[in-house]
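# A closer look at the structure
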Amino acid sequence: PLALGLYTVNAVYGDTITMPCRLEVPDGLMFGKWKYEMPNESPVFIAFRSSTKKNVQYDDVPDYKDRLSLSENYTLSIKNARISDEKRFVCMLVTEDDVSEEPTIVKVFKQPSQPEILHQADFLETEKLQMLGECVSRESYPEGNVTWYKNGRVLQPVEEVVVINLQKTVNKSTGLFTMTSSLQYMPTKEDANAKFSCVVTYYGPSGQKTIQSEPVVFDVHYPTEKVTIQVLPQSSTIKEGDNITLKCSGNGNPPPQEFLFYIPGETEGIRSSDTYIMTDVRRNATGEYKCSLTDKSMMDSTTITVHYLDLQLTPSGEVTKQIGEALPVSCTISSSRNATVFWIKDNTRMQTSPSFSSLQYQDAGNYICETTLQEVEGLKKRKTLKLIVEGKPQIKMTKKTNTNKMSKTIVCHVEGFPKPAVQWTVTGTGSIINKAKETKYVNGKFSSKIVIAPEENVTLTCIAENQLERTVTSLNVSAISIPEYDEPEDRSDDNSEKVNDQAKLIVGIVVGLLLAALVAGVVYWLYVKKSKTASKHVDKDLGNIEENKKLEENNHKSET
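Residues numbered from 1 in each chain as written. Predicted model: local features only at pLDDT ≥ 70, side-chain atom pairs only at ≥ 80, totals over all residues. Heavy atoms only, no water.

Before going further, it helps to spend a moment on the packing of aromatic side chains. If you walk through the whole model with that rule in mind, you get 10 aromatic pairs. Summarising the aromatic geometry, the rings of Tyr 36 and Phe 89 are spaced 6.1 Å apart at their centres and angled 65° between planes, so their arrangement reads as edge-to-face. Linking Tyr 36 in strand β4 (residues 29-37) with Phe 89 in strand β9 (residues 88-95), this pair joins segments that are 53 residues apart in sequence. As far as burial versus exposure is concerned, Tyr 36 and Phe 89 are alike and both buried. Each ring, one from Phe 196 and one from Phe 218, has its centre 5.8 Å from the other, and the planes form 75°; the classification is edge-to-face. Here the residue Phe 196 occupies a position in strand β18 (residues 195-204), and Phe 218 occupies one in the loop between β20 (216-217) and β21 (220-221), the gap between them amounting to 22 residues. With a relative accessible area of 4%, Phe 218 lands in the buried category. A connected cluster of aromatic rings, assembled from ring pairs, spans Tyr 36, Tyr 64 and Phe 89. A cation sits over an aromatic face here: Arg 349 above Phe 342, 4.0 Å from the ring centre. (Phe/Tyr/Trp six-rings, centres within 6.5 Å; stacked < 30°, edge-to-face > 60°. Helix = DSSP H or I, 4+ residues; strand = E, 2+ residues; numbered from the N terminus. Buried < 20%, exposed > 50% of the residue type's maximum accessible area, 1.4 Å probe, protein only. Lys NZ or Arg CZ within 6 Å of the ring centre and 35° of its normal.)

Let's shift gears to the sheet that holds strand β24 (residues 244-250). Pairing is antiparallel across the open sheet formed by three strands, whose spatial order is β22-β24-β27. A single partner strand is all that each edge strand has here, and the edge strands are β22 (227-232) and β27 (275-278). With strand direction ignored, the average angle separating the axes of adjacent strands in the sheet is 15°. Relative to β27, β24 runs antiparallel, the two sharing four bridges. Within the sheet, the bridge partner assigned to Leu 246 lies in β27 and is Tyr 276. (Pairing = 2+ DSSP bridges. Axes fitted to C-alpha atoms, helices over the stretch in contact; angles between N-to-C directions.)

Now for the state of the cysteines. Across all of its chains, the model carries five disulfides by this definition. For the chain, the bonded cysteines connect in the pattern 1-2, 3-4, 5-6, 7-8, 9-10 when numbered consecutively along the sequence. (Disulfide = S-S within 2.5 Å.)

Let us now look at the side chain of Thr 461. Here Thr 461 shows up in strand β43 (residues 458-465). The exposure class of Thr 461 is buried, given its relative accessible area of 6%. A polar contact is formed between the side chain of Thr 461 and the side chain of Ser 474, at a distance of 2.9 Å. Not counting residues up to four positions away in its chain, the partners in contact with Thr 461 are Gln 423, Trp 424, Thr 425, Thr 427, Val 472, Thr 473 and Ser 474. (Polar contact = N/O pair within 3.5 Å; in protein donor to acceptor, adjacent residues only side chain to side chain. Contact = heavy atoms within 4.5 Å.)

With that out of the way, let us pick up the pattern of salt bridges. Across all of its chains, the model carries 28 salt bridges by this definition. Asp 242 is the salt-bridge partner of Lys 239, the closest N and O atoms lying 3.3 Å from each other. The salt bridge partner of Arg 382 is Glu 370, with a shortest N-O separation of 2.4 Å. Placement of the pair is Arg 382 in strand β37 (residues 380-401) and Glu 370 in strand β36 (residues 365-373), with a sequence separation of 12 residues. Assessed through its relative accessible area of 6%, Glu 370 is described here as buried. A single network of salt bridges, built from pairs that share partners, joins Lys 35, Glu 37, Arg 88 and Glu 101. (Salt bridge = Lys/Arg side-chain N within 4 Å of Asp/Glu carboxyl O.)

Of the consecutive residues Tyr 141 and Pro 142, the connecting peptide bond is found in the cis state with omega at -10°. Residue position: Pro 142 is located in the loop between β13 (130-140) and β14 (145-150). Cis geometry marks the peptide bond from Asn 253 to Pro 254; its omega dihedral reads 0°. Within the secondary structure, Pro 254 is located in the loop between β24 and β25 (259-262). Unlike most non-glycine residues, Asn 40 shows phi in positive territory, near 65°. Phi is positive for Glu 160, which is not a glycine, with a value near 65°.

In this section: the confidence of the model for the chain. On average, residues of the chain carry a pLDDT of 86, and 86% of them reach 70 or more. Considering only residues more than four positions removed or in separate chains, one finds that residues 488-507, a stretch of pLDDT under 50, has six contacts. Under a pLDDT of 50 for its full length, residues 530-560 has, in the predicted model, 58 contacts with residues more than four places off or in other chains. (pLDDT = per-residue confidence, 0-100.)

Turning our attention to the nonpolar core. Counting residues in each nonpolar core, the largest one holds 49 residues, and the members touching the most others are Met 19, Trp 34, Ile 46, Leu 76 and Phe 89. Mapped onto the domain boundaries, this core takes at least three residues apiece from domain 1 (8-109) and domain 2 (116-221). In this structure, Leu 76 is in contact with Ile 17, Thr 18, Met 19, Trp 34, Ile 46, Ala 47, Leu 68, Ser 69, Leu 70 and Phe 89, ignoring residues within four places of it in sequence. By size, the runner-up hydrophobic cluster in this structure holds 18 residues, among which are Val 231, Leu 246, Phe 261 and Ile 304. (Core = buried A, V, L, I, M, F, W, Y, C linked by side-chain atoms within 4.5 Å. Domains from an automatic or database assignment.)

Position of Leu 183 among the secondary structure elements: in strand β17 (residues 177-185). Overall, the relative accessible area of 0% leaves Leu 183 in the buried class. Each C-alpha atom, one on Leu 183 and one on Asn 165, is 6.8 Å from the other, the two residues being 18 residues apart in sequence.

Pasting the structure below:
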């Protein structure tokens, strides 16, 4: 490279400067010398080399002591390049007849340090021009330039908004420059999280280069423009017993630390931090809640609905009623929104609500009226009715001859609650039968059964007893030789089956008279016969005389 038409050597500060002598070595060369020239000053010789004696001499120049080296081809090297080495150096080759000179210009470059942003503001305030910081880059040569950036874009000076001041100082001992650029800035709310940086531009041996500082983010303070109230936890529904936290916030920076909370029914605001806690809320907490800044300049509101659910079961608890009685049951619901009601009896869900116009034993049990509030999680109520249906023992006795014709089964059908105790006896003797079998007690009903083979007619008595009453019923049973079966249940009442026809009535009377005469004859005949025959008893039971007579009448009628 040439500077003003001269050969120039670019050197890096601290490195070695190498300057070749750009002259051809002439014949008859006696010696070579190097000197430097300063404007308006006499030349200063610094190095000498003889071509004949091969010796090298360095002049006593303090700035170059122990720094110079002159090679055989008269190339001059200067160690530890300094800014003061920026001079015009001249190579001289001397013969007896001539002196040849060739100048070389030396340029020294020093890369500056990475710029730093110093004296940073603790925070920035909107609508206020203030010192953001100083960008400092040290030890540069030649001097550099500083540019400020925000989010990667150049900050151009704007009056009362962006004010930049660049100062350059030089170290007199080293000749190196320090660049200091201060930035005054008026931020806006949008400058929150903005990245500020600075870049120093300098010149090196190969041309222009840049170095960038680390970016800096400033806390931007701005006033609150909006207040917001929230209900925590952020559940869609609130029910009685919940805890509620009201949180008030402002969008300023830094955010406000205190607020006024306005509670339904309170005329004055309650001063608190950014939260206000309500525990175990009731339905009367439903209403509009507000919060504002302490100066009441801004306000926000929200409406809270506290859902509730009440259940009233009438009657409830343990209730004892008598069979056949009526029992009105009501399950009344009061709630903040539609509720779902269902009944459970003995762990089984019922299809309809219970209604008792005439209580039966199967109506007894544990009833639960349960209700839930739609879309309100966890809001559920239930109440229990334990219904006890009591009744005095009721007895119905049946008999039948078993298929093997060897025995008869006598059944005592019992109803009652509490469960009656059943005892069998033989009428007349009073002996107790202990071989009865009982069926399972279900819905207040069960059966007690005995199997006998009487040789004569007997009368059996079934006794059922509970805390309410003792009931006794007897049944005549014929000897085993006489088959018998209970008559089927009476058919349901029907007008067509009523004996209201006059002709049928007359026929009935005539037949009745004939049968009465026939029965009297048979009874007399049986009496005579029985007196001749000794009675024998089964080890269990005795025959009934009246039943035996009736059976004998039937037999006699059949024989006739």
